[in-house]
Amino acid sequence: MDVKQVHEDFKKMNKRQVYYQILSFGMIVSSTLMIWKGLMVVTGSESPIVVNISGSMEPAFHRGDLLFLTNQEEQVRVGEILAFKIEGRDIPSVHRVIEVHERENGTAIFLTKGDNNNVNDRGLYAPGQVWIQRGDVIGRVKGFLPFVGMVTILMNEYPQFKYTVLAGLGVYVLLDREKY
């Protein structure tokens, strides 16, 4: 379908069809947001689904794997895989807990390491930070879908691809009308 044909199809639509298509698009966006918020409530995680963007957790998880997180108030144990925030970084890290230290006040601090890394994560933490605290944890990895997140990685690394996909989806939603 070329641009000329898309323009012609759009011109053939009456106002009611245009409003219907815009409303349908709005419903898709709002439904997606409601599902995301529902997942946040059920899992207790501010980000219930993340994409693994590096190879630091291979062979457990590969670049592009979609990870499912929960953040229930359970005790963190050595060997669990956590997604956590690091001050000054926008993207969370996903690494395995290699040490847990219980404090006298009942709180715990953690040291993490990527399975494919030679050293622990202290070099990745914010300056002056030596441990991960419970407040830094976004969630525990409970499952994954292999390579499903590659689309997200491609969209972040190649903005033109992202804009092309979004424009194509927008045109499709606006012009794909039900035949009566």
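Residues numbered from 1 in each chain as written. Predicted model: local features only at pLDDT ≥ 70, side-chain atom pairs only at ≥ 80, totals over all residues. Heavy atoms only, no water.

Caption draft 1: Layout of the environment of Gly135. Relative to the helices and strands, Gly135 is located in the loop between β6 (132-133) and β7 (137-145). Taking the C-alpha atoms as reference points, Gly135 and Lys162, 27 residues apart in sequence, are found 33 Å from one another. (Helix = DSSP H or I, 4+ residues; strand = E, 2+ residues; numbered from the N terminus.)

Caption draft 2: Main features of the pairing of strand β3 (residues 81-84). Residues Ile81 and Ala83 point to one face of β3 and Leu82 and Phe84 to the other, with burial holding for every one of them. As defined by bridge partners, β3 adjoins strand β4 (residues 93-102) across 4 bridges and the pair is classed as antiparallel. From the neighbouring strand, Ile81 faces β4, where its bridge partner is Arg96. Looking at chain direction, β3 and β7 are connected through 3 bridges and run antiparallel. Considered in β7, the bridge of Phe84 is made with Val137. (Buried < 20%, exposed > 50% of the residue type's maximum accessible area, 1.4 Å probe, protein only. Pairing = 2+ DSSP bridges.)

Caption draft 3: Up close: the pattern of salt bridges. Tallied over the full model, the rule gives 6 salt bridges. Across the pair Arg77 and Glu80 runs a salt bridge, and its minimum N-O distance is 3.9 Å. (Salt bridge = Lys/Arg side-chain N within 4 Å of Asp/Glu carboxyl O.)

Caption draft 4: Region of interest: the packing of aromatic side chains. In this structure the tally under the stated criterion is 2 aromatic pairs. Relative to Phe144, the ring of Phe61 lies with its centre 5.1 Å away and its plane at 75°, an arrangement referred to as edge-to-face. In this pair, Phe61 is assigned in the loop between β1 (49-51) and β2 (66-70) and Phe144 in strand β7, connecting sequence segments 83 residues apart. Note on Phe144: relative accessible area 38%, which makes it partly exposed. With 6.3 Å between their ring centres and 80° between their planes, Phe84 and Tyr125 make a pair best called edge-to-face. Placement of the pair is Phe84 in strand β3 and Tyr125 in the loop between β5 (108-113) and β6, with a sequence separation of 41 residues. A residue is classified by how much of its surface remains accessible, and Phe84, at 1% relative accessible area, is buried. Geometry around Trp131 places Arg122 over its ring, the cationic atom sitting 4.6 Å from the centre. (Phe/Tyr/Trp six-rings, centres within 6.5 Å; stacked < 30°, edge-to-face > 60°. Lys NZ or Arg CZ within 6 Å of the ring centre and 35° of its normal.)

Caption draft 5: The arrangement of the packing of helix α2 (residues 15-43) against helix α4 (residues 159-175) in detail. At a minimum axis separation of 8 Å, α2 and α4 run at an interaxial angle of 125°. The pairing of α2 with α4 is recorded here as oblique in orientation. Of the residues in α4, those in contact with Gln21, Ile22, Phe25 and Ile28 of α2 are Val173, Leu174 and Leu175. Residues belonging to the contact of α2 with α4 are distributed by class as follows: 6 nonpolar, 1 polar and no charged. (Axes fitted to C-alpha atoms, helices over the stretch in contact; angles between N-to-C directions. Parallel < 35°, antiparallel > 145°, perpendicular 65-115°, else oblique. Contact = heavy atoms within 4.5 Å. Nonpolar A, V, L, I, M, F, W, Y, C, P; charged D, E, K, R; others polar.)

Caption draft 6: Focus on the sheet that holds β7. Spatially, the 7 strands line up as an open sheet ordered β1-β2-β7-β3-β4-β5-β6, and their pairing is antiparallel. Edge positions in the open sheet fall to β1 and β6, since each of these has one partner strand only. Bridge analysis of β5 against β6 gives 2 bridges, and the strand direction is antiparallel. Paired with Phe110 across the two strands is Ile132, which belongs to β6.

Caption draft 7: Focus on the layout of surface pockets. What the largest pocket holds in volume is close to 490 Å³. Every residue along the wall of the largest pocket is listed here: Phe25, Val29, Thr32, Leu33, Ile35, Trp36, Leu39, Val51, Thr152, Leu166, Leu169 and Gly170. Contributions of two or more residues to the lining of the largest pocket are made by α2 and α4. The greatest single-element share of the lining of the largest pocket, amounting to 7 residues, is contributed by α2. Class assignment of the residues belonging to the lining of the largest pocket gives a composition of 9 nonpolar, 3 polar and no charged. (1 Å grid on protein atoms, 1.4 Å probe; cavity = no way out; pocket = protein on both sides within 12 Å on 5 of 7 lines; lining within 4 Å. Points joined across faces, edges and corners; volume = space filled by probe spheres on them.)

Caption draft 8: Up close: the side chain of Gln129. Relative to the helices and strands, Gln129 is located in the loop between β5 and β6. Among the polar contacts listed, one links the side chain of Gln129 to the backbone oxygen of Trp131, at a separation of 3.0 Å. Among the polar contacts made by the side chain of Gln129, one reaches the side chain of Asp136 at a distance of 3.3 Å. In this view, Gln129 contacts Ile86, Arg122 and Asp136; residues no more than four positions away in its chain are not counted. (Polar contact = N/O pair within 3.5 Å; in protein donor to acceptor, adjacent residues only side chain to side chain.)

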